[in-house]
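Read off the chains here:
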Amino acid sequence: MWVYEKKLQYPVRVSTCNPRLAKYLIEQYGGADGELAAALRYLNQRYTIPDKVVGLLTDIGTEEFAHLEMIATMVYKLTKDATPDQMKAAGLAGHFADHDKALFYHNAAGVPWTATYIQAKGDPIADLYEDIAAEEKARATYQWLIDLSDDPDLNDGLRYLREREVIHSQRFREAVEILKEDRGKKKVF
Amino acid sequence: MKQLPPEYYTELEEIQAVDFVIVELVLYLHTHPDDLEAVKQYNEYVKLSKGLKKEFEKKYGALTSFGYSYARYPFDYKEAPWPWQV
């Protein structure tokens, strides 16, 4: 089971109401390489991955939900005081027509989240290579978001999230080596 | 939502910093289970985190539900603000 803690993993601050930045950020909420995709991918793969890697997938998957909450907080804070006109000017008229200012799982272009973004192959190496690629793609997305953003408070949170992708990728790479080592041992018999 | 004193933010950040060390160590330990120093450091920070949260919850209300925090009367889970509101 999971336990919710009423705090963010890292503080989220935004300088000003800025729905245009929110429109870009939603990529990491409901996009292909976003936090929802990451959490659901790892927490689903873990049932059939070797025991040595289950803990890692569980804890990284759980941390992704903490990151999802950070992104949601950023989007919420960037849009909460926006008028319908400001939403329209930011290219969010389509979003506003369907959701008002509620969050929704879609990417920056408005395409809704789909399970086709993720895979579970039942092959530990294939699954972990996908996970490493996912972390690297998310890291790149955070870099593009930082490049697009002119909000120093927001960028502090985005830089934190970018660094977490680096750590997750590193841990998944180590997991691959652990499994390769185990496979090597079995061949000795 | 009631007005939060400035120390709410500093005390919350202290917890976030300690809990970050815990997350970082636990991910590391999944791939380095034989690192005794890391296990010791992990346990040290778990103790630190528990102490900080106990004090924080006394002031601002429970951080968790499902039996991980004691509840006061009247039920205080709604006392602490939601993370996106602060």
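Residues numbered from 1 in each chain as written. Chains lettered and ligands numbered in written order. Predicted model: local features only at pLDDT ≥ 70, side-chain atom pairs only at ≥ 80, totals over all residues.

Going by an unreviewed UniProt entry, chain B carries the name Polypeptide composition of the spore coat protein CotJB and comes from Bacillus badius.

In the nomenclature of an unreviewed UniProt entry, chain A is known as Polypeptide composition of the spore coat protein CotJC of Bacillus badius. Its UniProt record gives chain A the following Sequence similarities (unreviewed entry) comment, quoted word for word: "Belongs to the manganese catalase family." (UniProt positions renumbered as here; feature names shortened; annotations may be inferred.)

(A) Looking closely at the packing of helix α1 (residues 6-31) of chain B against helix α2 (residues 36-60) of chain B. Residues and elements named next belong to chain B. Axis separation between α1 and α2 bottoms out at 9 Å; the angle between their running directions is 150°. The pairing of α1 with α2 is recorded here as roughly antiparallel in orientation. Once α1 is placed against α2, the crossing between them reads as left-handed. Here Tyr8, Glu11, Glu14, Ile15, Val18, Asp19, Val21, Ile22, Leu25, Val26, Tyr28 and Leu29 of α1 lie close against α2, whose contacting residues are Ala38, Val39, Gln41, Tyr42, Tyr45, Val46, Leu48, Ser49, Leu52, Lys53, Phe56 and Tyr60. Looking at side-chain class alone, the contact of α1 with α2 contains 18 nonpolar, two polar and four charged residues. (Axes fitted to C-alpha atoms, helices over the stretch in contact; angles between N-to-C directions. Helix = DSSP H or I, 4+ residues; strand = E, 2+ residues; numbered from the N terminus. Parallel < 35°, antiparallel > 145°, perpendicular 65-115°, else oblique. Left-handed = near helix turned anticlockwise from the far one by under 90°. Contact = placed C-beta atoms within 7 Å. Nonpolar A, V, L, I, M, F, W, Y, C, P; charged D, E, K, R; others polar.)

(B) The interface of chain A and chain B, seen in detail. Taken together, the contacts link 24 residues of chain A with 17 residues of chain B. Every element with two or more residues in the side of chain A that touches chain B is listed here: α4 (51-79) and α8 (152-187) of chain A. Per-element tally for the side of chain A that touches chain B: the top contributor is α4 of chain A, with 10 residues. A breakdown of the residues in the side of chain A that touches chain B according to their chemical character gives 12 nonpolar, three polar and nine charged.

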